[in-house]
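Here is how the chains run, residue by residue.
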Amino acid sequence: MNFFKIKVDKITKETEDAISISFRLDNDHALRQYYPGQYLTVKYHLKEEQFLRCYSLSSLPSDEYLTFTVKKTLKGFISRELVEKTKVGSELEIGEPHGKFKISPYQNNRRSHYFIAAGSGITPIMSMIQFLLEEEPSSSIYLLYSNSDEKDIIFYQKIQELESKYSGQLKTFFTLSKKEKKLNLKLFSKDKMKWSG
């Protein structure tokens with residue numbers, strides 16, 4: 001696998017625990033030759049050791065920035081390093097895109113696509129959904145997206161914008177696993193839940 005040393009051009013804080021890391025690259029750069037749904041491999045050096053970690057691309061090949069998204073986890077020390085320490089100007093070693101989880105559009109077809117995601121699993125699906133919205137305009141797309149709490153929803157604003165832009169073509173259903181307990185506690189109280197997902 002070929003690796004490229006790339007400087008970070010943009011950091012987007014998606015949630016408290018997740019960021020999107022973006023690069024500006026030429027259109028013919030090897031890292032741009034990918035299909036929505038695929039992933040990049042990051043070679044990370046920590047305490048004189050070398051680690052390889054794979055992160056899904058959340059951008060489209062045609063976007064201004066090549067972007068992958070990382071969520072730090074309790075035992076994921078490399079994801080924690082990336083989320084907490086990566087800054088604009090940081091240099092990362094990135095391997096070429098790989099992965100068989102991808103989709104091919106059929107511009108003249110009218111189909112229904114159903115996507116189910118939880119947590120950071122939305123990352124490759126986000127790329128695929130945007131791709132289908134542009135390349136398969138006659139098709140309908142349904143997304144069921146589960147998270148533990150409202151604050152954990154990655155790409156929430158972007159999904160809302162896509163639903164507005166592609167009204168009637170994209171429909172999203174959000175579910176929250178932690179809300180059930182809160183709902184049971186407040187069932188007989190006067191407090192009203194703000195969440196309508």
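Residues numbered from 1 in each chain as written. Predicted model: local features only at pLDDT ≥ 70, side-chain atom pairs only at ≥ 80, totals over all residues. Heavy atoms only, no water.

Considering the overall build of the protein
Applicable threshold: For the purposes of this entry, the term helix denotes a DSSP run of H or I that reaches at least four residues, the term strand denotes a run of E that reaches at least two, and both are numbered from the N terminus. Values of the radius of gyration come from C-alpha atoms, whereas the globule rule sets the reference at 2.2 Å times the count of residues to the power 0.38. Here's how the labels work: a residue is buried when its accessible area is under 20% of the maximum for its type, exposed when over 50%, partly exposed in between, all with a 1.4 Å probe on protein chains only. Here, Shrake-Rupley sampling with a 1.4 Å probe gives the accessible areas, and only protein chains in the shown set may cover a residue. Only four residue types enter the tally: Lys and Arg on the positive side, Asp and Glu on the negative side; His and the chain ends are excluded. In this description, the location of a charge corresponds to atom NZ of lysine, CZ of arginine, CG of aspartate or CD of glutamate.
The helix and strand inventory of the protein stands at 4 helices and 10 strands. Each helix and strand of the protein, placed in order from N terminus to C terminus, yields the pattern β-β-β-β-β-β-α-β-β-α-β-α-β-α. The C-alpha radius of gyration computed for the protein amounts to 18 Å, which stays within 12% of the reference 16 Å derived for 197 residues, consistent with globular compactness. Dimensions along the principal axes, computed over C-alpha positions, put the protein at roughly 60 × 50 × 25 Å. The burial tally for the protein puts 44% of its 197 residues in the buried class. Working note: accessible area of the protein is about 11,800 Å², and carbon and sulfur atoms make up 48% of it. Each charge class in the protein was averaged separately, 31 positive and 25 negative side chains, and the resulting centres sit 6 Å apart.

Details of the confidence of the model for the protein
Keep this limit in mind: The predictor attaches a confidence to each residue, called pLDDT, with possible values from 0 through 100. By definition in these notes, contact holds between two residues if any of their heavy atoms fall within 4.5 Å.
Across the protein, the average pLDDT comes to 88, with 90% of residues at or above 70. Scored below 50 in pLDDT, residues 182-189 shows 4 contacts in the model against residues more than four places distant or in partner chains.

Let's talk about the sheet that holds strand E1 (residues 3-7)
Inclusion rule: Between any two strands, pairing holds if DSSP finds at least two bridges. Only C-alpha atoms enter the line fits that serve as axes; for helices the fit covers just the stretch in contact. Angles between N-to-C directions range over 0 to 180 degrees.
The 4 strands lie next to each other as E1-E7-E4-E5, forming an open sheet whose pairing is antiparallel. Of all the strands in the sheet, the pair left with one neighbour each is E1 and strand E5 (49-56). Going from strand to strand, the sheet's axes swing by 35 degrees on average, the running direction of each strand aside. Both E1 and strand E7 (residues 91-98) contribute to a ladder of 5 bridges, which runs antiparallel. What sits directly across from Phe3, in E7, is Gly95. Against the sheet, helix H1 (residues 77-85) touches strand E4 (39-46), E5 and E7, its axis set at about 75 degrees to E5.

Observations regarding the pairing of strand E3 (residues 18-23)
Of all the 6 residues making up E3, 6 are buried; the element is thus mostly covered by neighbouring parts of the structure. Residues Ala18, Ser20 and Ser22 line one face of E3 and the alternating positions Ile19, Ile21 and Phe23 line the opposite face, and both faces are buried. The antiparallel pairing of strand E2 (residues 10-13) with E3 creates a hairpin that spans 4 residues between the two strands. Taken together, the 6 bridges between E3 and strand E6 (residues 66-71) define a ladder with antiparallel strand orientation.

Describing the pattern of salt bridges
Operational definition: One speaks of a salt bridge when a side-chain nitrogen belonging to Lys or Arg is within 4 Å of a carboxyl oxygen belonging to Asp or Glu.
The tally for this structure, following the rule as stated, stands at 7 salt bridges. A salt bridge links Lys13 to Glu16, with the shortest nitrogen-to-oxygen separation between them at 3.6 Å. Close ionic contact of Lys85 with Glu81 constitutes a salt bridge, the shortest N to O distance being 3.2 Å. With a gap of 4 residues between them, Lys85 and Glu81 both fall in helix H1, about one helical turn apart.

Side note on the nonpolar core
We apply this condition: Residues grouped as a nonpolar core are buried Ala, Val, Leu, Ile, Met, Phe, Trp, Tyr and Cys residues, joined through side-chain atoms within 4.5 Å.
Phe115, Ile122, Ile129, Leu143 and Tyr145 are the most contacted members of the largest nonpolar core, which has 25 residues in total. Of all the elements in the fold, those that place two or more residues in this core are strand E8 (112-118), helix H2 (122-135), strand E9 (140-147), helix H3 (156-165) and strand E10 (170-176). The dominant element in this core, judged by the number of residues it contributes, is H2, at 8 residues. Dropping the residues within four chain positions of it, Ile122 is found in contact with Ala117, Leu143, Tyr145, Ile154 and Phe155. Residues Val8, Phe23, Leu25 and Leu92 belong to the second largest nonpolar core, which totals 23 residues.

Digging into the environment of Asn27
Inspection of the secondary structure puts Asn27 in the loop between E3 and E4. Sequence-distant contacts of Asn27, defined by excluding residues within four places in its chain, comprise Arg32 and Gln33.

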